[in-house]
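# Architecture at a glance
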Amino acid sequence: MSNLIGQRAIVIGAGIGGLSAAGVLAPYFRQVLLLERDVLKPAAQARLGVPQGRHPHGLLAGGLKAVNEIFPGFEDALVRAGGVPVGVARDIRFEHPEIGRLPQRELGPRVVCASRPLLELVLRQKAEAIPNLEIRSGCKVTEIVSEPSSANVQGVRLVNQIGVSSFIDADLVVDASGRGAPTAALFEALKLQPPETTTIHINLCYTSAVIELPEQATKNWKLVLTLNDPPRIGDRGVLVPMEHNRWMVTICQRGRLERIDGWDSYVSAFGELITPTIHDALRQAKPIEDLRQFAFPTSSWRHFERSPRLPRGLLPIADAICRFNPIHGQGMSSAALQARLLRDALADAITESDPVAALQQGFMAEVASVLETPWAMSTSRDLMFPDTHGPRPEHFQANVEFELAMFRAAVIDPVVHKAAMDVNQLLQPRSLLRSPHIMERIEETNGVRTGWSHPEVMTGSSTFRLRTTVPRG
Ligand SMILES: Cc1cc2nc3c(=O)[nH]c(=O)nc-3n(C[C@H](O)[C@H](O)[C@H](O)COP(=O)(O)OP(=O)(O)OC[C@H]3O[C@@H](n4cnc5c(N)ncnc54)[C@H](O)[C@@H]3O)c2cc1C
């Protein structure tokens with residue numbers, strides 16, 4: 001039996017979401033056409049359409065696993081191209097204001113660090129090897145075209161590099177354009193209510209540099225993550241390896257959008273972090289390129305899954321649905337996990353009488369479960385600052401205290417450490433941390449007696465109160 005559910009699927013945008021989605025669509029359409037407004041070169045180069053690509057871009061272990069499933073051999077190809085393997089717990093120095101740092105242990109998964117342009121190039125090469133997948137670059141989609149009365153998507157209008165406009169029909173249009181402007185314009189044209197949106201105003205500024213470091217400076221770690229200390233210290237730092245024996249470093253500053261002027265002021269800004277680790281390394285560093293900055297005012301989740309209906313044949317994906325505070329490195333991984341969800345929804349839809357509509361419904365029914373863990377993890381630290389505007393989830397304070405207890409337990413208990421790492425790396429859902437065998441160990445090491453395994457806690461409506469629990473013994 002044929003798996004085909006349509007003649008052509010169009011994907012808007014050849015970023016991580018678009019490439020991953022195109023890979024899973026290929027077995028189900030005669031042609032998958034990926035339209036990218038930038039002119040793509042066969043080299044790992046920064047490009048205009050992805051301005052964030054000049055900043056560190058880590059693919060978490062869960063994202064790497066999903067990409068490997070979609071494009072077998074991706075990880076090996078990235079390593080061959082110069083990506084640097086990093087053991088997640090063994091090689092990462094994770095610095096926390098209250099626990100100090102997590103011990104570096106051998107706990108299993110690895111990630112492969114590389115610049116965003118290299119990561120994207122290797123992914124694109126994998127996509128280009130699929131015979132019925134065509135990447136057409138230098139083509140900007142100007143409109144998703146839909147039948148006004150039925151709201152059935154018919155295709156897209158685009159303009160090419162020399163300004164010629166044309167229409168291409170499609171059974172399915174996937175909007176992986178990052179900002180999701182084509183979807184927003186279609187909703188407006190069809191007079192549909194825009195999706196409910198959760199917005200957290202985080203007002204961040206990233207300043208990054210590519211550097212060289214002497215071997216001596218990095219002998220105890222391959223990657224450093226230095227957290228902030230809400231509400232006292234708002235800034236965080238990250239130092240990651242990349243290809244060609246170089247490193248990328250970034251400082252993420254809260255509420256400060258003024259330009260950092262020059263290398264010396266940049267290095268001193270790291271002196272304000274909770275530990276001197278990155279600052280000390282930078283004092284031995286040689287900057288390779290100019291500093292680059294990126295303002296990130298809000299994290300936002302457009303809840304298409306709550307919309308009463310989507311135009312038939314339209315599917316937004318990745319950043320077009322949800323944009324996370326980038327410091328946790330979740331955006332690309334979440335894009336890959338959504339593409340894997342799309343693959344599952346496609347497999348379920350082929351036997352339905354209207355597979356395209358079934359695919360949309362199947363994807364939207366599950367997408368919140370893919371987004372919930374990274375969203376909760378990335379917003380919780382931001383919401384710990386009293387002046388952060390945005391809805392705080394129920395039992396927010398109890399969850400913050402639970403997280404701290406979990407980190408304390410992770411320092412001495414490798415089982416809790418592994419669970420925390422698997423959740424952080426998007427290999428497991430957040431609910432793992434509330435499972436009885438992990439909760440018991442967290443209780444044990446925090447020296448508290450009862451209550452946390454209560455069903456109320458298990459369902460997430462936590463009554464966790466670290467400071468008021470009864471000490472053991
Ligand atoms: C400073 C910063 C640092 C980050 N660091 C990390 C990190 O460490 N780890 C991580 O996982 N994520 C990180 N992210 C997030 C990550 O960049 C995004 O989540 C991820 O790229 C989303 O993929 P996407 O495919 O949705 O969008 P993008 O990768 O942004 O791709 C969108 C593509 O669509 C194209 N496009 C747009 N409009 C059109 C159109 N009309 N027609 C044709 N093409 C179009 C664009 O040119 C682009 O190629 C970071 C983000 C920022 C801002």
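Given the structure is predicted, the values throughout are model-derived calculations rather than measurements.

Procedures and definitions
Residues numbered from 1 in each chain as written. Predicted model: local features only at pLDDT ≥ 70, side-chain atom pairs only at ≥ 80, totals over all residues. Heavy atoms only, no water. Near = heavy atom within 4 Å. Polar contact = N/O pair within 3.5 Å; in protein donor to acceptor, adjacent residues only side chain to side chain. Areas by Shrake-Rupley, 256 points an atom, 1.4 Å probe, with all protein chains shown as cover. Nonpolar A, V, L, I, M, F, W, Y, C, P; charged D, E, K, R; others polar. Pairing = 2+ DSSP bridges. Helix = DSSP H or I, 4+ residues; strand = E, 2+ residues; numbered from the N terminus. Axes fitted to C-alpha atoms, helices over the stretch in contact; angles between N-to-C directions. Buried < 20%, exposed > 50% of the residue type's maximum accessible area, 1.4 Å probe, protein only. Core = buried A, V, L, I, M, F, W, Y, C linked by side-chain atoms within 4.5 Å. Contact = heavy atoms within 4.5 Å. Salt bridge = Lys/Arg side-chain N within 4 Å of Asp/Glu carboxyl O. Parallel < 35°, antiparallel > 145°, perpendicular 65-115°, else oblique. Left-handed = near helix turned anticlockwise from the far one by under 90°. Arc of directions from axis to C-beta. Phe/Tyr/Trp six-rings, centres within 6.5 Å; stacked < 30°, edge-to-face > 60°.

Attention shifts here to the site of the ligand. What surrounds the ligand is a group of 34 residues, the closest being Glu36, His57, Arg116, Asp319 and Met332. Arginine 116 has a polar side-chain atom sitting 2.6 Å from an oxygen atom of the ligand. Within the contact set of the ligand, an oxygen atom lies 3.2 Å away from a backbone nitrogen or oxygen of glycine 331. Surface burial for the ligand is 95%, taken as the share of its 990 Å² of free accessible area covered by protein chains. Of the residues that constitute the shell around the ligand, the class distribution is 13 nonpolar, 15 polar and 6 charged.

As a further point, take the sheet that holds strand E11 (residues 172–175). Whenever strands of a sheet pair, they do so through backbone hydrogen bonds, lying parallel or antiparallel. Here we have 5 strands laid out as an open sheet, ordered E7-E2-E1-E11-E18, and parallel in their pairing. Strand pairing shows two members of the sheet lacking a second neighbour, strand E7 (133–137) and strand E18 (314–316), which therefore form its edges. Each adjacent strand pair in this sheet contributes to an overall mean axis angle of 20 degrees, direction not counted.

Direction of pairing for strand E4 (residues 92–96) relative to strand E13 (residues 223–226): parallel, over a ladder of 4 bridges. Paired with phenylalanine 94 across the bridge in E13 is leucine 225. Sheet topology places E13 next to strand E14 (residues 236–242); 3 bridges connect them, and they run antiparallel. Pairing of threonine 226 across the sheet is with glycine 237, part of E14.

Let us now look at the environment of histidine 417. Its location among the elements puts histidine 417 in helix H11 (residues 414–424). The exposure class assigned to histidine 417 is buried, which follows from its relative accessible area of 4%. A C-alpha to C-alpha distance of 9.1 Å links histidine 417 and arginine 105, two positions 312 residues apart in sequence.

Moving on to the pairing of strand E17 (residues 292–302). Strand direction decides the pairing type here: strand E12 (residues 197–212) and E17, joined by 10 bridges, are antiparallel. Within E17, the position partnered with leucine 204 by the bridge is phenylalanine 296. Bridging between E17 and strand E19 (residues 322–323) involves 2 bridges; their strand directions are antiparallel. What sits directly across from tryptophan 301, in E19, is cysteine 322.

One recurring pattern in soluble globular proteins is that nonpolar side chains are buried together. Leu25, Phe74, Leu342 and Phe363 are the most contacted members of the largest nonpolar core, which has 133 residues in total. Looking at this core element by element, the count peaks at 11 residues for helix H9 (residues 355–383). Setting aside anything within four residues of it in sequence, one finds phenylalanine 74 in contact with Leu59, Leu64, Val67, Asn68, Leu119, Val122, Leu123 and Lys126. Within the second largest apolar cluster, 20 residues are counted, among which are Leu213, Val249, Tyr266 and Ile278.

Turning next to the side chain of asparagine 325. The residue asparagine 325 is located in the loop between E19 and helix H8 (331–349) in this model. Overall, the relative accessible area of 1% leaves asparagine 325 in the buried class. Reaching out from asparagine 325, the side chain makes a polar contact with the side chain of tyrosine 206 at a distance of 3.0 Å. Separated by 3.0 Å, the side chains of asparagine 325 and aspartate 382 make a polar contact.

For the rest of this paragraph, the subject is the pattern of salt bridges. Scanning the entire structure with this criterion turns up 29 salt bridges. Residue arginine 283 is joined to aspartate 280 by a salt bridge in which the shortest nitrogen-to-oxygen separation is 3.3 Å. Residue aspartate 280 is classed as partly exposed on the basis of its relative accessible area of 32%. Each of Glu36, Asp38, Arg47, Arg116, Glu120 and Arg124 takes part in a single network of salt bridges with overlapping partners.

Looking now at the packing of helix H10 (residues 396–412) against H11. Contact geometry of H10 with H11 gives a least axis separation of 6 Å together with a crossing angle of 125 degrees. Between H10 and H11, the crossing angle belongs to the class labelled oblique. Note that H10 runs across H11; the crossing there is left-handed. Packed against H10, whose contacting residues are Met406, Ala409, Ala410 and Ile412, the element H11 presents Pro414, Val416, His417 and Ala420 at the interface. Per-class residue counts for the contact of H10 with H11 are 7 nonpolar, 1 polar and no charged.

Within helix H12 (residues 436–446) the residues assigned to the buried category are Ile438, Met439, Ile442, Glu443 and Asn446. Looking straight down H12, one finds its buried side chains confined to an arc of 140 degrees; they lie on one side. Backbone geometry just after H12 places glycine 447 at a positive phi near 65 degrees.

With that out of the way, let us pick up unusual backbone geometry. The peptide bond linking proline 230 to proline 231 adopts the cis configuration, its omega dihedral lying at -5 degrees. One can find proline 231 in the loop between E13 and E14. In this structure, alanine 151 is a non-glycine residue whose phi angle is positive, near 55 degrees. Of note, alanine 151 is situated in the loop between strand E8 (140–147) and strand E9 (152–159).

To continue, consider the packing of aromatic side chains. In total, this model carries 7 aromatic pairs according to the counting rule given. Where phenylalanine 94 meets phenylalanine 407, the ring centres are 5.5 Å apart and the plane angle is 25 degrees; that geometry is what we call stacked. Remark: phenylalanine 407 occurs in helix H10 and phenylalanine 94 occurs in strand E4; sequence separation between them is 313 residues. Note on accessibility: phenylalanine 94 and phenylalanine 407 belong to one class, buried. Aromatic pair tryptophan 301 and tryptophan 375: ring centres 5.7 Å apart, planes at 65 degrees, arrangement edge-to-face.

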